[in-house]
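# Topology and contacts: notes
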Amino acid sequence: MDFQLTEEQKAVRDAISKFAAEKVAPGALDRDRTGEFPWEVLRGLAEQGYLGMTLPPEYGGAGADWVSYAICVEEISRACASCGVIYEVHNSLHADAIYHHGTEEQRRRFLPDLISGKKLGAFALTEPGAGSDAGGLKSTAELKGDRYILNGRKCFITSGGKADEYIVFALTDKSKGTKGISAFVVDKSFPGISFGEPEDKLGIRASCTADVILEDCPVPVENRLGNEGDGLKIALSTLDGGRVGIACQAVGIAQAAFDAALAYSKERQQFGRPISEFQAIQWMLADMATDIEAARLLAYRAAYLRGTGQRASKEIAMAKLFASRAAVKHTANAIQIHGGYGYMRDYKVERLFRDAKITEIYEGTSEVMRMVIAGALLK
Ligand SMILES: Cc1cc2nc3c(=O)[nH]c(=O)nc-3n(C[C@H](O)[C@H](O)[C@H](O)COP(=O)(O)OP(=O)(O)OC[C@H]3O[C@@H](n4cnc5c(N)ncnc54)[C@H](O)[C@@H]3O)c2cc1C
């Protein structure tokens with residue numbers, strides 16, 4: 001067992017943290033206020049080869065390992081959690097799903113544009129009546145000749161309306177229930193796809209979240225991923241990869257909060273000395289650092305297991321559960337260390353506190369993570 005990053009992983013960390021500090025962090029506060037979608041950041045990530053970085057070179061990827069990718073999600077999220085989730089969804093939930101579940105023809109058709117950044121990808125599973133119980137979805141895909149006709153409404157879709165391409169899950173056979181769900185790659189240019197107004201959210205405000213509406217949307221048969229009926233399996237195995245990313249996003253947000261709290265504690269003077277000299281503050285910092293380190297280790301292990309093709313739903317759920325809880329708890333502690341100033345919009349811990357909460361909800365809530373863990377323990 002080796003707890004050191006490889007030389008290659010260290011080089012990725014150096015490069016992405018420099019990129020994040022120079023190109024991602026500076027606009028984060030403004031984007032939080034305006035909700036402006038971070039196209040410029042995404043262009044930069046594409047130019048530097050960070051999109052689809054774990055995918056093989058024959059499709060344009062860098063063939064990087066998953067721990068390197070995990071570090072990228074962490075560092076981008078440390079600078080801007082909105083950019084972190086857009087990046088993570090594009091890679092883990094969209095491109096990776098096509099790589100793992102697509103045919104060779106589909107990989108060659110879809111992946112190069114996703115890796116070069118020509119197209120942005122999204123993942124459309126959730127519906128108004130089907131969240132944690134994703135298998136209860138109602139959208140339909142009816143085969144007519146060489147096309148499926150898709151109808152339904154997806155909600156809370158990250159990059160909804162901004163992305164060029166959506167992996168959409170719909171019922172091809174209602175009588176088979178969860179075994180009747182299939183997955184499709186739906187292009188924004190297809191007739192019959194439209195989008196709701198962007199949601200007004202607590203946090204990750206620069207990541208556009210919107211409904212995806214399908215009304216008699218024709219999708220060519222050759223855009224179906226896997227066989228008819230494979231949809232839920234594809235969704236759940238893809239979400240395992242996504243949850244690795246959300247665990248890393250949570251680590252990045254928590255680390256940013258810790259960095260800010262540590263620096264502030266050394267500057268802020270009360271009772272004639274820096275507040276970092278008070279034991280109450282020191283203990284908070286010690287607990288923060290310990291939990292963040294533990295979360296990072298769980299997240300990197302989850303990334304390693306995912307990247308080496310091992311079944312790791314339990315370990316991934318543990319990483320997401322622990323890291324998201326740490327992010328919520330310690331962004332609150334970072335505000336506490338800042339006192340009243342931390343409650344103000346001008347201090348970034350206020351944004352980090354709002355951004356952290358979503359990591360306990362999307363790509364499977366903390367309750368669902370506990371169900372996955374308990375299910376594996378009791379098997
Ligand atoms: C900002 C944002 C971005 C998102 N992006 C995407 C996206 O890109 N693509 C996508 O498909 N979806 C996306 N989602 C949807 C997200 O994955 C769901 O919101 C999430 O899975 C929870 O579903 P729900 O909101 O319907 O809550 P519900 O499932 O209704 O849950 C409500 C509460 O009940 C609990 N609960 C539910 N079932 C159980 C149970 N069996 N046992 C115990 N507790 C239970 C939940 O944990 C939660 O506390 C996004 C959501 C948000 C808010």
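Residues numbered from 1 in each chain as written. Predicted model: local features only at pLDDT ≥ 70, side-chain atom pairs only at ≥ 80, totals over all residues. Heavy atoms only, no water.

With that settled, the discussion passes to the domain arrangement of the protein chain. Parsing the protein chain into structural domains produces domain 1 (7-120), domain 2 (122-232) and domain 3 (233-377). Just the C-alpha atoms count here: the centres of domain 1 and domain 2 sit 22 Å apart. Here domain 1 packs against domain 2, burying approximately 2000 Å² in sum over the two surfaces, 60% of which is carbon and sulfur. Taken together, the links from domain 1 to domain 2 amount to two salt bridges. Among the ionic pairs, Lys 119 bridges to Glu 165, the shortest N-O distance being 3.8 Å. Joining domain 1 to domain 2, the criterion identifies 13 residue pairs in polar contact (both at pLDDT 80 or more). At the level of secondary structure, the elements contributing two or more residues to the side of domain 1 that touches domain 2 comprise helix 2 (28-34), helix 5 (81-101) and helix 6 (104-116). At ten residues, helix 5 tops the list of elements feeding residues into the side of domain 1 that touches domain 2. Taken together, the residues of the side of domain 1 that touches domain 2 sort by class into 13 nonpolar, six polar and six charged. (Domains from an automatic or database assignment. Buried area = accessible area lost by both parts, 1.4 Å probe. Salt bridge = Lys/Arg side-chain N within 4 Å of Asp/Glu carboxyl O. Polar contact = N/O pair within 3.5 Å; in protein donor to acceptor, adjacent residues only side chain to side chain. Helix = DSSP H or I, 4+ residues; strand = E, 2+ residues; numbered from the N terminus. Nonpolar A, V, L, I, M, F, W, Y, C, P; charged D, E, K, R; others polar.)

Following the sequence through the fold, Ala 260 ends up in helix 7 (residues 231-267). Along the backbone, Ala 260 and Ala 95 are 165 residues apart, and their C-alpha atoms lie at a distance of 34 Å. When sequence neighbours within four positions are dropped, the list of residues in contact with Ala 260 reads His 338, Lys 348 and Val 349. (Contact = heavy atoms within 4.5 Å.)

A rise of 1.5 Å per residue sets the reference length of helix 8 (residues 279-307), with its 29 residues, at 42 Å; its end C-alpha atoms lie 41 Å apart and thus fit the reference within 8%. After helix 8 finishes, the residue Gly 309 shows a positive phi value of roughly 75°. (Expected span 1.5 Å × (residues − 1).)

Counted residue by residue, strand 5 (residues 181-187) has seven buried out of seven residues, so it is predominantly covered. When strand 5 meets strand 8 (residues 224-225), the two strands line up antiparallel, connected through two bridges. Considered in strand 8, the bridge of Phe 184 is made with Arg 224. (Buried < 20%, exposed > 50% of the residue type's maximum accessible area, 1.4 Å probe, protein only. Pairing = 2+ DSSP bridges.)

One ladder, built from five bridges, connects strand 2 (residues 140-144) with strand 3 (residues 147-158); its direction is antiparallel. By the bridge assignment, Leu 143 is partnered in strand 3 with Tyr 148. Linking strand 2 back to strand 3 in an antiparallel pair, the connection comprises two residues, with Gly 145 at a positive phi of about 65°. The pairing of strand 3 with strand 7 (residues 209-220) spans nine bridges and is antiparallel. Bridge pairing in strand 7 links Thr 158 to Thr 209.

Neighbouring residues of the ligand: 18 residues in total, closest Thr 126, Ser 132, Phe 156, Thr 365 and Glu 367. Here an oxygen atom of the ligand and a backbone polar atom of Glu 363 are 3.4 Å apart. Contacts to the ligand include Glu 367, whose side-chain N or O atom sits 2.6 Å from an oxygen atom. Protein contacts shield 64% of the accessible area of the ligand, which totals 970 Å² for the unbound molecule. At three residues, strand 3 tops the list of elements feeding residues into the shell around the ligand. A per-class count over the shell around the ligand returns nine nonpolar, six polar and three charged. Mapping the shell around the ligand onto the domain boundaries places at least three of its residues in each of domain 2 (122-232) and domain 3 (233-377). (Near = heavy atom within 4 Å. Areas by Shrake-Rupley, 256 points an atom, 1.4 Å probe, with all protein chains shown as cover.)

Further remarks concern a nonpolar patch on the surface. A contiguous nonpolar patch, built from Tyr 341, Tyr 343, Met 344 and Tyr 347 and spanning about 460 Å² of accessible area, is present on the exposed surface. On the basis of relative accessibility, which here comes to 44%, the residue Met 344 falls in the partly exposed class. (Patch = residues over 30% accessible without salt bridge, like charges linked within 9 Å, V, L, I, M, F, W, Y side chains within 5 Å.)

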